[in-house]
Structure formats: C-alpha cells, structure tokens
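# Reading the structure
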Amino acid sequence: MRSTTTKSQVLRGAREGTPFLLIVVPFAMLFGVVGTEAGLNLREVMAFSVLVIAGASQFAAVQLMAESAPTLIVIVTALAVNLRMAMYSASLAVYLGAAPFWQRALIAYCNVDQTYAMSVQKYEKEPQMTVSERVAYFFGVALPVFPSWVLCTYLGAVAGTAIPPEYALDFALPIAFLAITAPMLRTLAHVAAAIVSVVVALTLAGLPAGTGLLLAAAAAMLTGSEVERRFGDRWI
C-alpha cells in the first residue's frame, strides 16, 4: 500500500509540475544561447546547468564573466542571487527533515524555485501527508523540470545565435519570478523586503560588476528582518 501511495504522489507531482515547462524550456534555451555568446564552449555551458542548476545566478555569473569582472565578484554575486535557496532549505526542513540523508541530499540538489514553491504549497494544504509521500511528491515535481532544463540548455547552446531575436525568449525570467514570488508576499516583512530590493537595485543599476545587486540584496534582507522584528509575522 505504501509503495502504491508513493508512486501516486510521484505521478501527482509530475503532473502538477509539468506546467512549469512553459517557463523552464525557453529559460534554459536562453541560457544556452547567452552562455555561448559570452564565449563559453558547449561543455562549459552544460556544466553550468548540470552542476549549478540556478537560472538567475547562472545568468548573473555569465554576464559578469562576459564583462571580465573579478572572479571573487562573480562568485559572491552568484551566491547572493542564490541566497534564497538557504531560506528554501530551512522551510523544507520542517516537512522533510526526517527523510533519510541520501534523500535529503538529492532534495538539496533539486531544490529550485519551481520544486520548492509547488511542494511547500502542497505540504501546507495537506498536512496529513507522510514524510515519504512528501519526498515522493517533491521528486515528482522535479521529474519534468530537470531533464527539460538540461536538454533545452543543450539545444540553446547548439542553436546559439540561430534563434531569431523576435522569439524574445528573455520574457521567461521576469515572468518566472513574478509567478513564483508574488504569491509568497504574505507578510509585511516580505513586502517591505521586495520593495526595498527593487528600489535599491534600480537606483544602483549603474554600479560596476553587479555590485548594485549585492547591495540591494543586503538592504532587502536587513529591511525584512527589521520589519519582522517590529511587527512579527503580520499578514497583509
């Protein structure tokens, strides 16, 4: 009975995660194109998508590399963009912390915006799910996302500049983050941090080597922490 339930959760997660392909496919293809245009060879582009698996930070790192930014700036910027993964992990630990170590290691590898957002929403709606069911659902969501990410990165890297600019694949990035971030702005701290990050990032957009993004991230985290300290987890 347990194996049947686990299998059904995997299938359920895969079914509910499939719509993310509307974002993942063009986003991955775009990274393949951008990576090759930045001077990376096919092996290096694929290594980015297989080892890093973090679209926004991959774009930030490649852009800085193309601008010949110092290696330290590239690394720090990519880590800053990806700091949200640490918060994702802390949130998932409440639901998946009792899973075996090897499962938690794979979950950490597959922990991206899409798998996190879909899984946490499911866990909150169905608190009766067992740990094994939660793990199965998480991997189910990841099932259509990750192979598509790698394959479409390859297609984009091979196609390169052959993809016409009028296809406008870069629409995927803002849409993806709007779709994932907007429903999560539930408290005053979330909203304050989001507003500050946008204002500071736009104000400091002219700073070299992506330092404006780092300062915006730091300002947002400080703002969110202070608002939460003053007002608690007050919902909007």
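Residues numbered from 1 in each chain as written. Predicted model: local features only at pLDDT ≥ 70, side-chain atom pairs only at ≥ 80, totals over all residues. Heavy atoms only, no water.

## As for the overall build of the chain
Within the chain, the regular secondary structure consists of 12 helices and zero strands. Reading the chain from its N end, one meets helices and strands in the order α-α-α-α-α-α-α-α-α-α-α-α. By the burial criterion, 42% of the 236 residues in the chain qualify as buried. Contacts in the chain between residues at least 24 apart in sequence constitute 76% of all its contacts with a sequence separation of at least 6. Accessible area of the chain: about 12800 Å², with a carbon and sulfur share of 70%. (Helix = DSSP H or I, 4+ residues; strand = E, 2+ residues; numbered from the N terminus. Buried < 20%, exposed > 50% of the residue type's maximum accessible area, 1.4 Å probe, protein only. Contact = heavy atoms within 4.5 Å. Areas by Shrake-Rupley, 256 points an atom, 1.4 Å probe, with all protein chains shown as cover.)

## Let's talk about helix α8 (residues 113-125)
Its 13 residues place the ends of α8 18 Å apart at the C-alpha level, agreeing with the 18 Å of an ideal helix rising 1.5 Å per residue. Across the 13 residues of α8, 10 count as buried, placing the element largely inside the fold. All buried positions along α8 are accounted for by Asp 113, Gln 114, Thr 115, Tyr 116, Ala 117, Met 118, Ser 119, Val 120, Lys 122 and Tyr 123. (Expected span 1.5 Å × (residues − 1).)

## Side note on the packing of helix α7 (residues 101-109) against helix α9 (residues 131-159)
Interaxial distance between α7 and α9 falls to 11 Å at its minimum, and their mutual angle equals 40°. Pair α7 / α9 crosses with left-handed handedness. Facing α7, whose interface residues are Gln 103, Leu 106, Ile 107 and Tyr 109, α9 presents Val 135, Phe 138, Phe 139 and Phe 146. Taken together, the residues of the contact of α7 with α9 sort by class into seven nonpolar, one polar and no charged. (Axes fitted to C-alpha atoms, helices over the stretch in contact; angles between N-to-C directions. Left-handed = near helix turned anticlockwise from the far one by under 90°. Nonpolar A, V, L, I, M, F, W, Y, C, P; charged D, E, K, R; others polar.)

## Digging into a nonpolar patch on the surface
A contiguous nonpolar patch, built from Leu 42, Leu 151, Tyr 154, Leu 155 and Val 158 and spanning about 440 Å² of accessible area, is present on the exposed surface. Broken down by element, the residue count for the nonpolar patch peaks at four residues, all from α9. (Patch = residues over 30% accessible without salt bridge, like charges linked within 9 Å, V, L, I, M, F, W, Y side chains within 5 Å. Salt bridge = Lys/Arg side-chain N within 4 Å of Asp/Glu carboxyl O.)

## Side note on the nonpolar core
Within the largest apolar cluster, 41 residues are counted, with the highest numbers of intra-cluster contacts made by Leu 92, Leu 96, Tyr 123 and Phe 146. Broken down by secondary-structure element, the contributors of at least two residues to this core are α2 (21-37), α3 (42-52), α4 (55-66), α5 (71-81), α6 (84-96), α8 and α9. Of all the elements, α9 adds the most residues to this core, at 10 residues. Setting aside residues up to four positions removed in sequence, Phe 146 forms contacts with Ile 53, Tyr 109, Cys 110, Val 112 and Thr 115. (Core = buried A, V, L, I, M, F, W, Y, C linked by side-chain atoms within 4.5 Å.)

## Considering α6
Helical geometry note: an α-helix holds 3.6 residues per turn, so side chains three or four residues apart project in the same direction. Along its 13 residues, α6 runs 18 Å from first to last C-alpha, staying within 8% of the 18 Å computed at 1.5 Å per residue. Here α6 has its buried residues at Arg 84, Met 85, Tyr 88, Leu 92, Tyr 95 and Leu 96. Looking down the long axis of α6, one finds its buried residues gathered within 90° of arc, a one-sided arrangement. In α6, those exposed residues whose orientation departs by more than 90 degrees from the buried face are Ala 86, Met 87, Ala 90 and Val 94. (Arc of directions from axis to C-beta.)

## Describing the packing of aromatic side chains
Enumeration according to the criterion identifies six aromatic pairs in this entry. Here Phe 27 and Trp 149 contribute two aromatic rings whose centre-to-centre distance is 5.8 Å and whose plane-to-plane angle is 75°, an arrangement assigned as edge-to-face. In this pair, Phe 27 is assigned in helix α2 and Trp 149 in helix α9, connecting sequence segments 122 residues apart. According to the relative accessible area criterion, Trp 149 is buried, its value standing at 7%. (Phe/Tyr/Trp six-rings, centres within 6.5 Å; stacked < 30°, edge-to-face > 60°.)

Honestly, that's just the spatial picture; any functional story needs more than this.
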